[in-house]
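Summary of the model geometry
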Amino acid sequence: MPPKGVPAKAKPAPVKPKAVRPKAKDGDDMTDVDGADHDDWVNTKALVKPDDQLELTEQELKEEFTRILTANNPHAPQNIVRYSFKERQYKQTSSVDQLAIHFALDGNMIHKESDEAQRQRTKLGIPDAHVEPAVSEVGEPVSAAADSEDRGDEAKEEAGDDAGTQAASGSEGGGNKKLTNQFNYSERASQTYNNPYRERGTATEPPPRAVFSGNVTQWEIFDAYQEDFEKQEKNKEKKVIPGRKEEEKARKRLTVTETSGDDVSRIAKAAKIVERMVNQNSYDDIAQDFKYWEDPSDEYRDNEGTLLPLWRFSFEKAKKLAVTSLCWNPKYTDLFAASFGSYDFMKQGNGMMLFYSLKNPSFPETIYETDSGVMCLDVHPEHPYMVAVGFYDGSVGVYNIEKKDGHLHRCTAKNGKHTDPVWQVRWQKDDLENNHNFFSISSDGRIVHWTILKNELTYQDVIKLAMPDSAAEGPDGTKITTIGCGTAFDFHKKNDYLFVVGTEEGKIHTCSKAYSSQFLDSMDAHNMAVYKVRWNPYHPDIYITCSADWTVKIWERGNKSASDKSDAMDASAKKPLFTFDLNNSVGDVAWAPYSSTVFAAVTADGKLFCYDLSVNKYEPLCEQMVAQKKKTKLTHLEFNPEHPIVIVGDERGTVTSCKLSPNLRKQPKEKKGAQAVDPSVREQAEIAKLDKILLMVRDPTENKG
């Protein structure tokens, strides 16, 4: 009979299933050899399919579908905005918290060596001594080694050894054992090597010093100036070539340029920059007004405007001279030239030509002194360094302001010098051989064409202002044609060959370069001398004149010539379109560069008048006293080609700049975002604006014709 021990041993197994584990050697005893249960594991499992399951083919079953799983929270909002105080607006946050908490449980466990744990032990009366129970290597209690006799003895011996070791360590370490590795992590630290500091120093030699002291008196200043003057004279004597002594003496008489010593010339550029910086600080309020100020009162008055005085330019040596002409530089819009002389025949002396910049109103950029009064000047429109000059003694000259000396050419009695003062000069386009040329007009009745050929100034008389109506009889009865005194002229803006001339007798002649013997047209425009003639910058047939007879007149160029014998036709063609009485002698008149209907004039009583024909055809929009002192005559004015300012010169050598208020410079409003208006379109609009006004004042019969 088989032994009954095996099933007897298997009975206690359900009492303590956790403590008893089946061993490999006992596997045969525990195997069930019953034939009925032997084939249970061989039976296949039946697949249960739901009724709605899809029937897929092998190819469809083998098809792979790729799905990318992300850690983003699908319920997290993507459009959270926060207010940014830095940018003062709501900004969308770029990072959104994707964490989703499904379960959270707050525990109440505390660390056993914390202060709170010690307080709880003290309160409950638990001693601080910590005795750990003996644990075997496998992690089971020692009493659980009753599986078998052999294994039980081994377990007892090992447990005894472990308990003895722990007791020994407990007695050595004391009652409170400090565990350094309580949370199963390791602490590691490393310390890098710090390089030692090194001190480095250098000692330089101090710069040499010298103590200087002295007394400055007027005598010492005088001696220093005398010594410097003698040095300059010696340098000039060394430069003189024996064969050109006469030319050198003549050049000394013509111009004396201010030359500084060697020490000053080294720092001239830096000193000029510093001077401009100082002036910018000194005149900061004026600079701010020039850039930003607009008269707010113009919004409440439609037909009036004002002038805001800005910088005032004056030079000590030019205070006794009158401003005879003004001209803006065509390239640098902050730079202008002013000529100085005297209109009094009995008080003639030296003249001067100054170049001022708006960046430095306290002192001129360039100074040229002359032996005769400078009565007019003109800056070349394409070469802004070339300046044509007319003198009171009848000569004309050309200056190059890029050079220190500046003086290039000057005519003499041998090569076409005028016999009377030159009142106006005008540059013209270069000729076919690319030679610079200009024209001049003088009281001797000649209009001369000057051409610069290499190092020579050649001349050609264009026309003589003869007066056929008033021929004088000589002592022997012969008739002598009297010559008119030319005072002003201006060339047509489009047709270079056409120009108008004003005379001292009050006549206006329309002339052409092609005809040197007769005028295209002539008329008695004023009762006294004509001081200025200017073509309109936009309209090709309109020009303006001013005179000492207190009037400013606007004319239209007629198609009728001076040879027409019909007095009625001539009279109708020679009536001015507009006449303005300014109650004093009008020294100068100028059209504004930004509008075809705006012009300004200055008078001898120190007033500046500004008109806009499109706003008021009878009264000025602005009548303002510009002269600093009473009884100061204003002589000339000039509009800036870019900025809304006008400069005015007087007889005391002062140039005053004024800013025009918005009502004085009205222009057609441009729509925001629209493209810039083409210049030709704008020109046609300005011509149409002026023609609309002229239709009201033209003779009806003339309009029909």
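Here, every reference points to the structure presented above.
Residues numbered from 1 in each chain as written. Predicted model: local features only at pLDDT ≥ 70, side-chain atom pairs only at ≥ 80, totals over all residues. Heavy atoms only, no water.

Examining the overall build of the protein
Going by this rule: Runs of E in the DSSP output that reach at least two residues are strands. Runs of H or I that reach at least four are helices, and both are numbered from the N terminus. Note on areas: Shrake-Rupley, 1.4 Å probe, and residue coverage restricted to the protein chains presented here.
Helices and strands together make up the secondary structure of the protein, namely 14 helices and 33 strands. Carbon together with sulfur atoms contributes 51% to the accessible area of the protein, which is approximately 49300 Å² in total.

Examining the sheet that holds strand β33 (residues 655–660)
The following threshold applies: Two strands make a pair as long as DSSP finds a minimum of two bridges between them. Helix axes are fitted to C-alpha atoms over the stretch in contact, other axes to C-alpha atoms as well, and angles between N-to-C directions run from 0 to 180 degrees.
Taken together, the four strands give an open sheet; going across it, the order is β4-β33-β32-β31, and neighbouring strands pair in antiparallel fashion. With one partner strand each, in any of the chains shown, β4 (307–313) and β31 (634–639) form the two edges of the open sheet. This sheet shows a mean twist of 25° between the axes of neighbouring strands, independent of strand direction. Relative to β33, strand β32 (residues 645–650) is paired through five bridges, and the arrangement is antiparallel. Residue V648 lies in a different strand from β33, and its bridge partner there is T656.

Describing the nonpolar core
Worth spelling out the cut-off: The definition of a nonpolar core used throughout is a set of buried Ala, Val, Leu, Ile, Met, Phe, Trp, Tyr and Cys residues joined through side-chain atoms within 4.5 Å. Type-normalised accessible area, obtained with a 1.4 Å probe on protein chains alone, sets the label of each residue: buried when under 20%, exposed when over 50%, and partly exposed for intermediate values. A contact between two residues is defined here by any heavy atoms of the two lying within 4.5 Å.
If you look at the biggest cluster of nonpolar residues, it comprises 23 residues, and the most contacted ones within it are F336, F340, L354 and V655. The element best represented in this core is β4, accounting for four residues. In contact with F336, not counting residues within four places along its chain, are F313, L326, C327, W328, N329, L354, F355, Y356, I647 and V655. One finds V602, L608, L621 and F639 within the second-largest nonpolar core, a separate group that totals 21 residues.

Remarks on the environment of G394
Mapped onto the elements, G394 comes out in the loop between β10 (386–391) and β11 (396–400). Between the alpha carbons of G394 and G416 there is a distance of 9.5 Å; along the sequence they are 22 residues apart. What G394 contacts, discounting residues up to four positions off in sequence, is K417, H418, D420, P421 and V422.

Some thoughts on the pattern of salt bridges
In plain terms, the rule: The term salt bridge refers to a side-chain nitrogen of Lys or Arg lying within 4 Å of a carboxyl oxygen of Asp or Glu.
Applying the stated criterion across every chain, the model contains 21 salt bridges. E365 is the salt-bridge partner of K272, the closest N and O atoms lying 3.7 Å from each other. Placement of the pair is K272 in helix α10 (residues 268–282) and E365 in the loop between β7 (351–357) and β8 (366–370), with a sequence separation of 93 residues. K272 gets classed as partly exposed once you look at its relative accessible area, which sits at 37%. With a shortest N-O distance of 3.1 Å, E683 and K494 are connected by a salt bridge.

Observations concerning helix α13 (residues 679–697)
Residues that lie three or four places apart on an α-helix share one face, since the helix turns once every 3.6 residues. Convention followed: To estimate the expected span of a helix, count its residues, drop one, and scale the result by 1.5 Å. In this context, the arc is that of the directions from the helix axis out to the C-beta atoms.
Between the first and last C-alpha of α13 there are 28 Å, a value that for 19 residues agrees with the 27 Å anticipated at 1.5 Å per step. For α13, the full list of buried residues reads E686, I687, L690, I693 and L694. Taken down its axis, α13 places every buried residue within 125° of arc, on the same side. Residues of α13 that are exposed and point over 90 degrees away from its buried face: Q684, K692, L695 and M696. Taken together, the buried residues of α13 touch β24 (542–547) and β26 (578–581).

Structural notes on the side chain of H418
Here is the rule we go by: Pairs of N or O atoms are called polar contacts if they sit within 3.5 Å, as long as, within protein, a hydrogen donor faces a hydrogen acceptor (for residues adjacent in sequence, only side-chain-to-side-chain pairs).
If you trace the backbone, H418 turns up in the loop between β12 (407–410) and β13 (422–428). Side chain to side chain, H418 and S440 meet in a polar contact 2.9 Å long. Engagement of the side chain of H418 in a polar contact is seen with the side chain of D444, the distance being 3.1 Å. If near-sequence neighbours (up to four positions away) are discounted, H418 is found in contact with D393, G394, S440, S442, D444, R446, V448 and W450.

Some remarks on a negative patch on the surface
Applicable threshold: Patch criteria: residues need more than 30% relative accessible area and no salt bridge. Like-charged residues are merged within 9 Å; nonpolar side chains of Val, Leu, Ile, Met, Phe, Trp and Tyr are merged within 5 Å. Asp and Glu are treated as the negative residues and Lys and Arg as the positive ones, with His and the ends of the chain left uncounted. Charge placement uses NZ in Lys and CZ in Arg. For Asp and Glu, CG and CD serve respectively.
A grouping of E220, D223, E227, D228 and E230 is seen on the molecular surface, where their side chains present a negatively charged patch. Its place among the elements puts D228 in helix α7 (residues 218–239). Using a relative accessible area of 32% as the deciding quantity, one classes D228 as partly exposed.

Overview of the environment of D334
Of note, D334 is situated in the loop between β5 (322–328) and β6 (335–341). Sequence-wise, D334 and Y356 are 22 residues apart; in three dimensions their C-alpha atoms are separated by 8.3 Å. Beyond its immediate stretch of four places on either side in the chain, D334 contacts W328, Y356, S357, L358 and K359. Within polar-contact distance, the side chain of D334 engages the side chain of S357 at 2.7 Å.

Digging into the packing of aromatic side chains
Applicable threshold: Only Phe, Tyr and Trp rings take part, Trp by its six-membered ring, and two of them pair if their centres are within 6.5 Å. Stacked means planes under 30 degrees apart, edge-to-face means over 60, and tilted covers everything else.
Tallied over the full model, the rule gives 24 aromatic pairs. When the ring of Y83 is compared with that of Y90, the centres are 5.1 Å apart and the planes differ by 70°; the resulting orientation is edge-to-face. Assessed through its relative accessible area of 60%, Y90 is described here as exposed. Feature note: the residues F578, F580, W591, F599 and Y611 constitute an aromatic cluster, connected by ring pairs.

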